[in-house]
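Examination of the molecular architecture
Here is what each chain is made of, one letter per residue.
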Amino acid sequence: METSRIGIVAVFAAAMIFGFASCNPNVSGSGNEDTTYQFHSTVTYLAAGTDGTAGTEATYCTFGDWPQTIKAESVTIDETKSVSMGLYTYYLGSDNNYYAKCWENAYDDSYTYSDGTAVAERSANSEKYFKVEPIKWRVLNPSANGNKILVAESILTANVAYYDYYDVDRTIEGETVYPNNYEHSKIRAYLNGLNYAVKANDSAEQTTDSTYNGIGFLQTAFTSSAQSLIATTTVDNSAASTNPASNASTWNSGTNDFACDNTSDKIFLLSEKEATTSDYGYPIRVTTDYAKANYAYQEATAGYGGCWWLRSPDYSDSSITLYIDFSGYAEYSSNVSCKYYGVVPALSISAGN
């Protein structure tokens, strides 16, 4: 598998992947595979002028699939016809689309879905279905001569902490691992389908959490053939990557004691440096219906979005990590155990496919 590098030393070679191909796993009991939803296993670039919420100047594509929009009232679900994808089971709707079933867990009781109906809080014990749809991505480097970096155009989900325990250090291979260490974070494990080390308090035994092993975002959003198109990226986790792209900040002059080793990942979060690179565009991201049902924060004022995690640790506190706020400002920080910040995945597409 080709390896690409992102960040300050990034070099990208050229290749655009065009066209549409689909893969439809076996649907239990459906007997109707030809007309059911077809999973998006290759990259389809969108035509200029039709690019959606962030305007028409950037380059966008669709690739992979994820539950996003609340089910229309007219659609009925047959739970005897289903397919498993990573973490989720999808059920077939009367419109031949797949739907994910989810317990509603609104961050705020004033939230509404795109159809105007209310998002229930968890105490309501209410389940809803969400339509599985192609994921839309912004291509951050469309003119590059090689691997293309894609970042999701929307906040796809939330209720995934960067790490569960903000005040407990771990020890891995004889080294102290802080709560804001990205390499050993819960969110990296979630994105890539990995195990991660957990210690609930200073006196607790350190254990391995295998919740996402082999069934993370990567395995849920992408078919096996789609996964083969995603490059294994050498993710830059250096201290420099945790600074703004302009390096204009005077409070953090290129050092960060909590920066971790680089990682080799198929799915990753953006760094502070990447999120503030002007060529990559304004980083406001709004929440999908599914993300709202999963505790994502969404600013009510028109023109604003939600908050979403970066991979970069704050330089001043081992329990703090950086995130993008609802106005697109990229230099805020928060406790690693916060769950209402959203997940905006990024990936690199291998050249030559």
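What comes next concerns the included structure. (Residues numbered from 1 in each chain as written. Predicted model: local features only at pLDDT ≥ 70, side-chain atom pairs only at ≥ 80, totals over all residues. Heavy atoms only, no water.)

1. Structural notes on the overall build of the protein chain
Secondary structure assignment for the protein chain yields five helices and 23 strands. Counting only residues that meet the buried cut, the protein chain has 54% of its 353 residues in that class. A separation of at least 24 residues holds for 67% of the contacts in the protein chain among residues at least 6 apart in sequence. Accessible area for the protein chain stands at about 14500 Å²; split by element, carbon and sulfur atoms hold 45% of it. (Helix = DSSP H or I, 4+ residues; strand = E, 2+ residues; numbered from the N terminus. Buried < 20%, exposed > 50% of the residue type's maximum accessible area, 1.4 Å probe, protein only. Contact = heavy atoms within 4.5 Å. Areas by Shrake-Rupley, 256 points an atom, 1.4 Å probe, with all protein chains shown as cover.)

2. Some remarks on the pairing of strand β10 (residues 127-139)
Across nine bridges, the pairing between strand β6 (residues 59-70) and β10 is antiparallel. Across the sheet, Cys61 pairs through a bridge with Trp137, a residue of β10. Where strand β9 (residues 98-103) lies against β10, five bridges are found, and the strand directions are antiparallel. The residue of β10 that forms the bridge with Trp103 is Glu127. (Pairing = 2+ DSSP bridges.)

3. Examining the packing of aromatic side chains
Centre distance and the angle of the planes are the two values used to describe a pair of aromatic rings. For the structure on display, the rule yields 31 aromatic pairs. Consider the rings of Phe63 and Phe222, whose centres lie 4.9 Å apart with planes at 40 degrees: the pair is tilted. On the criterion of sequence distance, the pair formed by Phe63 in strand β6 and Phe222 in the loop between α2 (217-221) and α3 (224-227) is long-range, its members being 159 residues apart. Since its relative accessible area comes to 0%, Phe63 is described here as buried. Both rings, one in Trp66 and one in Phe217, keep their centres 4.8 Å apart while their planes meet at 45 degrees; by these two values the pair is tilted. Of this pair, Trp66 sits in strand β6 while Phe217 sits in helix α2, and the two are 151 residues apart along the sequence. Here Trp66 matches Phe217 in class, with each residue buried. (Phe/Tyr/Trp six-rings, centres within 6.5 Å; stacked < 30°, edge-to-face > 60°.)

4. What about the pattern of salt bridges?
Under the counting rule described, the total for this entry stands at eight salt bridges. Ionic pairing is found between Arg311 and Glu274, a salt bridge with its closest N-O pair at 3.0 Å. With Arg311 in strand β20 (residues 308-313) and Glu274 in helix α4 (residues 272-275), the pair connects residues that are 37 residues apart, well separated along the chain. Under the relative-accessibility criterion, Arg311 is labelled buried at 2%. One network of salt bridges, in which partners are shared, links Arg138, Glu153 and Arg285. (Salt bridge = Lys/Arg side-chain N within 4 Å of Asp/Glu carboxyl O.)

5. Things to note about the environment of Trp103
Structurally, the position occupied by Trp103 is in strand β9. Residue classification places Trp103 among the partly exposed positions, given a relative accessible area of 40%. Spatially, the C-alpha atom of Trp103 lies 4.3 Å from that of Glu127, the residues being 24 residues apart in sequence. For Trp103, the residues in contact, after removing those within four places along its chain, are Arg122, Asn125, Ser126, Glu127 and Ala293.

6. A word on the pairing of strand β21 (residues 320-324)
Counting buried residues along β21, five of its five residues qualify, which places the element largely inside the surrounding structure. Neither face of β21 is left uncovered, since the one carrying Ile320, Leu322 and Ile324 and the one carrying Thr321 and Tyr323 both have all their residues buried. As defined by bridge partners, β20 adjoins β21 across three bridges and the pair is classed as antiparallel. Of the residues in β21, the one forming a bridge with Trp309 is Tyr323. Connecting β20 to the antiparallel partner β21 that follows it, the hairpin turn spans six residues. As defined by bridge partners, β21 adjoins strand β22 (residues 332-335) across four bridges and the pair is classed as antiparallel.

7. Some thoughts on unusual backbone geometry
At Asn125, a position not held by glycine, the phi torsion is positive, near 50 degrees. Of note, Asn125 is situated in the loop between β9 and β10. Even without being a glycine, Asn159 presents a positive backbone phi close to 65 degrees. As for its placement among the helices and strands, Asn159 is situated in the loop between β12 (148-152) and β13 (170-172). By relative accessible area, Asn159 is classed as partly exposed at 31%.

8. Notes on the nonpolar core
Soluble globular proteins tend to bury their nonpolar side chains together. By size, the foremost hydrophobic cluster in this structure holds 80 residues, and its most contacted members are Phe63, Trp66, Tyr90, Trp137, Phe217 and Phe222. It is β10 that provides the largest number of residues to this core, a total of five residues. (Core = buried A, V, L, I, M, F, W, Y, C linked by side-chain atoms within 4.5 Å.)

9. A short note on the environment of Ile324
Positionally, Ile324 belongs in strand β21. The exposure class assigned to Ile324 is buried, which follows from its relative accessible area of 0%. For the pair formed by Ile324 and Glu272, sequence separation is 52 residues and the distance between their alpha carbons is 8.8 Å.

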